[in-house]
Amino acid sequence: MKKHVLMAVLPLLAWGCGDATDADNDGVADGIRDPNNVSVVVPSTPKGTVSGQVLSTTLQPLADVAVAMTIGSQPTGKSATTDASGNFVMTDVPAGAQVLLTFSKGGYSTLRATSTVPSAAGTVPINNGNASFGPVTLAQLNSSLAVTVVTPQGRPAVGAKGVLEVDKAGSVILSNYDSVSSVISKVYVEATADANGVLNFTGIPSGVELARLTGTYSLWIAPMDTNGDGVVDTGGYTKSYSGDTIVGSQATTLAQLSFSKPTGAGALNIEGGNVSSLKGAAEVDPLRNMVRPGEPIYVYFNQPVQPGSVFVRLTDEYAKESLPVTAAVNVGGYSATITPGNGIVQEGKEYNIFVRAVAAEGGSNYSRTGFFFGGDQAAPRAVTIAELRYQELSAPPAVTATQLNQFEDVFVNFSAPIAKQVGQSVQVFFNADIDNNGTVGGNSFGEVGNYSGQGFPLEIAEPTKPVRTRTPAELPVFGIQASGYSTRYFFNYTGSVALNPSQVRLVVSFSSLAPVLGTNDVYESIWGQPINTDLEATGIGQHAAPTPAP
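Residues numbered from 1 in each chain as written. Predicted model: local features only at pLDDT ≥ 70, side-chain atom pairs only at ≥ 80, totals over all residues. Heavy atoms only, no water.

Draft legend 1. Summary view of the nonpolar core. Among the nonpolar cores identified, the biggest contains 40 residues, and F414, F430, L458, F491, Y493, F510 and Y523 are the most heavily contacted of them. Contributions of two or more residues to this core are made by β24 (365-374), β25 (385-391), β26 (409-420), β27 (427-430), β31 (486-492), β32 (505-509) and β34 (535-538). It is β26 that provides the largest number of residues to this core, a total of six residues. Grouped together as the second largest cluster of nonpolar side chains are 25 residues, V147, V149, I221 and L257 included. (Core = buried A, V, L, I, M, F, W, Y, C linked by side-chain atoms within 4.5 Å. Buried < 20%, exposed > 50% of the residue type's maximum accessible area, 1.4 Å probe, protein only. Helix = DSSP H or I, 4+ residues; strand = E, 2+ residues; numbered from the N terminus.)

This is how it looks when you write it as structure tokens:
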């Protein structure tokens, strides 16, 4: 009896002590089936399968779809190809593994999906734990979308860069038994706008296919530098379209780029530049309104202006005639460079300027009259008397027309604009016997060396229009703005003696001005320098009496 029992267990002992074969790699030795001493045998390395079916969006099987599998972080994976029915299967996949499948076929969208192989895979007697993908649907990339891009001014946005994202371009039709956790199927296409401003996105799903997948087209257009100065001068553009919205293969949409300045920037204004009198909050300090000869004038706007809208006029201090000037808009419409004609701006001269511009967005208008001075802030110049002139009366009372007569105005023109800051007006004295008492000075008003020290008060005669030479008088090129500084001053001559203009010698006595509040800066130049030394000149020219206009 013992002998028979021993023989019955020998086959089992022999298998346990010898080399076993596990050709199917299921963790159980080949040939062992239905053991009678255990109910289930769990393999040491359980395996499973991954399978599925790939279809078109019209649910037709897709053959020859490449299916690539990545298993966790392993360096190598598995691959398969769908058959005529669109089916695929990959075996010998570790149970519990995270797998990523990539489905790709020429002319169709690519889809990526992740899943987990069931942990119970590989149990005996059932060795077919399966992660099911599908059915998987892929959209055909045989369509296009045209988008017309225009600038904020409504012109073709030539060279605009766009990206179109299609999401979703494929799907995994899930069931309650599927373990697919994530699905991604997107198509990205880039395009550049042609000469008509058209972006052509090709190789994308049609609107019909995308509608079946309930997908969307998302469009992004980058901001542009439309004038090539290196500064972005338009905003970008973004919009999404559903597949239901765009049906067909050549649907065209319109994308108008926005302005780079956000909407609601307010009224157009000049915020800065080297001529501060043009700013919305004008600054009249001469040092903030000084332009070096040969230097352009710069203005900076608070928002973009229309390139062709900047209009500039330029005159000298008297505004009698326009001076040559050009203007160029740059930095995407945020600034303008105004260039006077060659040699126009001179040291120590005052100029009037008019600037008009129209906002690129909303069309608000900005007009400003300002002034500036020729000179360098860092290089002050001494002020001298440049010229003396008297205004001939139109109907002198029995006097000689070529002499300086009583009650005629005498104009003192300085080499650079000056202004009275505080205190009394500077006095002018004649180095001549203007009251015909036989001496110069003494008790004679307005003569050099008189006892009282009283002369003719010199007052500013800043021009607001051209010097009158005819009747009716000349009109200015445009209404000019007073700066408070001027090269032109005057006094009324009340001496009883008519003087020979060529022999007249005048002294403007800045040295006799009484200090005010501890300073002798009663008059100053456009460079901010005080004028406290006497200035002299000999010889007076004539402003002829106005004549009737032809």
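So, next bit.
Draft legend 2. Local environment of the environment of A482. Looking at the secondary structure, you find A482 in the loop between β30 (470-471) and β31. Setting aside residues no more than four positions away along its own chain, A482 makes contact with F371 and E462. (Contact = heavy atoms within 4.5 Å.)

Draft legend 3. Quick look at unusual backbone geometry. In this structure, the amide linkage connecting D167 to the following residue, K168, adopts the cis form with an omega of 10 degrees. With respect to the helices and strands, K168 occurs in the loop between β9 (161-167) and β10 (170-172). Cis geometry marks the peptide bond from T471 to P472; its omega dihedral reads 0 degrees. At D92, a residue that is not glycine, the phi angle is positive and equals roughly 60 degrees. In this structure, D92 sits in strand β4 (residues 87-94). A positive phi is found at T214, a non-glycine position, where the angle reads about 50 degrees.

Draft legend 4. Seen up close, the pattern of salt bridges. On inspection of all chains with the given rule, the structure shows nine salt bridges. Between K186 and E165 there is a salt bridge, with the nearest N and O atoms lying 3.7 Å from each other. Here K186, found in strand β12 (residues 186-192), pairs with E165, found in strand β9; they are 21 residues apart in sequence, far enough to count as distant. Residue class for K186 comes out partly exposed when judged on its relative accessible area of 36%. Taking the relative accessible area as the measure of exposure, E165 reaches 11% and is therefore buried. Here R389 and E387 are joined by a salt bridge, their closest N and O atoms 3.0 Å apart. A network of salt bridges, in which partner residues are shared, links E165, D167 and K186. (Salt bridge = Lys/Arg side-chain N within 4 Å of Asp/Glu carboxyl O.)

Draft legend 5. Region of interest: the packing of aromatic side chains. Using the criterion set out here, one finds 17 aromatic pairs in the structure. On the numbers, 6.1 Å between centres and 35 degrees between planes, the contact of F411 with F490 is tilted. Of this pair, F411 sits in strand β26 while F490 is found in strand β31, placing the two residues 79 residues apart along the sequence. Judged by relative accessible area, which is 26%, F490 ranks as partly exposed. Through a chain of ring-to-ring contacts, three or more aromatic side chains come together here, namely F430, F445, F456, F491 and Y493. (Phe/Tyr/Trp six-rings, centres within 6.5 Å; stacked < 30°, edge-to-face > 60°.)

Draft legend 6. How the structure looks around the sheet that holds β27. With antiparallel pairing, four strands are arranged side by side in an open sheet as β28-β27-β32-β34. A single partner strand is all that each edge strand has here, and the edge strands are β28 (456-457) and β34. Relative to β28, β27 is paired through two bridges, and the arrangement is antiparallel. Within β28, the residue paired with Q427 across the bridge is P457. (Pairing = 2+ DSSP bridges.)

Draft legend 7. Representation of the layout of surface pockets. Roughly 430 Å³ of internal volume is contained in the largest pocket. Forming the boundary of the largest pocket are 20 residues, of which D316, E317, Y318, K349 and T487 lie nearest the centre. If you list the elements that add at least two residues to the lining of the largest pocket, you get β23 (350-358), β25, β26 and β31. In terms of residue class, the lining of the largest pocket is made up of eight nonpolar, five polar and seven charged. (1 Å grid on protein atoms, 1.4 Å probe; cavity = no way out; pocket = protein on both sides within 12 Å on 5 of 7 lines; lining within 4 Å. Points joined across faces, edges and corners; volume = space filled by probe spheres on them. Nonpolar A, V, L, I, M, F, W, Y, C, P; charged D, E, K, R; others polar.)

Draft legend 8. Here's a closer look at the sheet that holds β12. Pairing is antiparallel in the open sheet, where four strands are placed in the order β12-β9-β14-β15. Of all the strands in the sheet, the pair left with one neighbour each is β12 and β15 (237-242). Across the sheet, the axes of successive neighbouring strands diverge by a mean angle of 15 degrees, strand direction being ignored. Note that β9 and β12 share seven bridges and pair antiparallel. Counterpart to V163 in the pairing with β12 is E190. (Axes fitted to C-alpha atoms, helices over the stretch in contact; angles between N-to-C directions.)

Draft legend 9. Highlighting the confidence of the model for the chain. With 83% of its residues at a pLDDT of 70 or more, the chain has an overall mean of 83. Predicted confidence for residues 1-19 stays below pLDDT 50, and this span has three contacts to residues more than four positions away or in other chains. A low-confidence stretch, residues 32-40 (pLDDT under 50), is modelled with three contacts involving residues beyond four sequence positions or located in other chains. (pLDDT = per-residue confidence, 0-100.)

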